[in-house]
Each structure stands twice: as structure tokens, then as C-alpha cells.
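# Structure assessment
So you can see what is in the structure, the chains are spelled out below.
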Amino acid sequence: AQSGVKLVDLLRDLKPNALELLQTQEGKEELFRALDELSDAERNVVIAHELEGIPFRELSQTQEVPLNTLLLHKSRAMKKLRKHFLESQGDTL
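Residues numbered from 1 in each chain as written. Predicted model: local features only at pLDDT ≥ 70, side-chain atom pairs only at ≥ 80, totals over all residues. Heavy atoms only, no water.

Let us look at unusual backbone geometry. Positioned with a positive phi, Glu64 is a non-glycine residue whose angle comes to about 55 degrees. The residue Glu64 is located in the loop between α5 (56-63) and α6 (67-87) in this model. Note on Glu64: relative accessible area 72%, which makes it exposed. (Helix = DSSP H or I, 4+ residues; strand = E, 2+ residues; numbered from the N terminus. Buried < 20%, exposed > 50% of the residue type's maximum accessible area, 1.4 Å probe, protein only.)

Rendered as C-alpha cells:
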């Protein structure tokens, strides 16, 4: 399954040094603030797929959620995260 945009790529597009910023407390706090803006379903799929590296097919089976639904949650989440980081570019990220 096509997973679309990766969180790391999204952050790198917005700020070339995003990975270094995520190593800092401020960067982590900004990421958590962004994740807090997502719905539970969106946040769960981003954390499981992006941060824990669980494949979509496995998530679909273990959560008993159709694959396309997971992909939709991920797509919506990435749009919200992009918007959050674009609006906060004057801050840490």
C-alpha cells in the first residue's frame, strides 16, 4: 500500500533542520502540540505508522480498520500537521 507523505519528509520540506529540532525539547513539544490537534484516529495512525514503523496492512488487521480508512486518516493528519507547522514557522519548527 502507498503510504503517501512521510512525517520526516513533511518536516524537512518545511524546515531543513527539522530533524535536529526534533532532538530538542522544544521540537518535541511542538510535535506533541501538533499531534494533539489531530483526531484520535489520525493521531493513532501517525504514531503507529510514522513513529513506531508499523506497516498499514498490519495496522489494518490489528485494529480491524479497513486499509483505505487508515490511509484516509493518515492523509488528513498530514494535511493538518503541515498546516500546523506552516503556521508555527516563526516558532521552533
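Another aspect to go through is the packing of α5 against α6. Where α5 meets α6, the closest approach of the two axes is 9 Å, and the angle between their N-to-C directions is 115 degrees. Judged by the angle between their axes, α5 and α6 are roughly perpendicular. Crossing angle aside, the handedness with which α5 passes α6 is right-handed. From α5, Phe56, Arg57, Leu59, Ser60 and Gln63 reach across to α6, where they touch Leu67, Leu70, Leu71 and Lys74. Of the residues belonging to the contact of α5 with α6, the class tally is five nonpolar, two polar and two charged. (Axes fitted to C-alpha atoms, helices over the stretch in contact; angles between N-to-C directions. Parallel < 35°, antiparallel > 145°, perpendicular 65-115°, else oblique. Left-handed = near helix turned anticlockwise from the far one by under 90°. Contact = heavy atoms within 4.5 Å. Nonpolar A, V, L, I, M, F, W, Y, C, P; charged D, E, K, R; others polar.)

Next up on the list: α5. Side chains three or four residues apart in an α-helix point the same way, a direct result of the helix having 3.6 residues per turn. Turning to α5, its buried residues number three or more, namely Phe56, Leu59 and Ser60. The arc enclosing the buried residues of α5, seen along the axis, measures out at 100 degrees, which places them on a common side. α5 presents Arg57, Gln61 and Thr62 as exposed residues on the side facing more than 90 degrees away from its buried surface. Buried residues along α5 sit against α4 (40-51) and α6. Residue Glu64 follows α5 closely and has a positive phi angle near 55 degrees. (Arc of directions from axis to C-beta.)

This next bit is on the packing of helix α3 (residues 25-36) against α6. A pair of packed helices is captured by two measures, namely the crossing angle of their axes and the spacing between those axes. Direction vectors running N to C along α3 and α6 enclose 130 degrees, while the axes themselves pass 9 Å from each other. Considering their axes alone, α3 and α6 lie oblique with respect to each other. Where α3 crosses over α6, the two elements pack in a sense that is right-handed. Every residue of α6 that contacts α3 at Glu30, Leu31, Arg33, Ala34 and Leu35 is listed here: Leu81, His84 and Phe85. Of the residues that constitute the contact of α3 with α6, the class distribution is five nonpolar, one polar and two charged.

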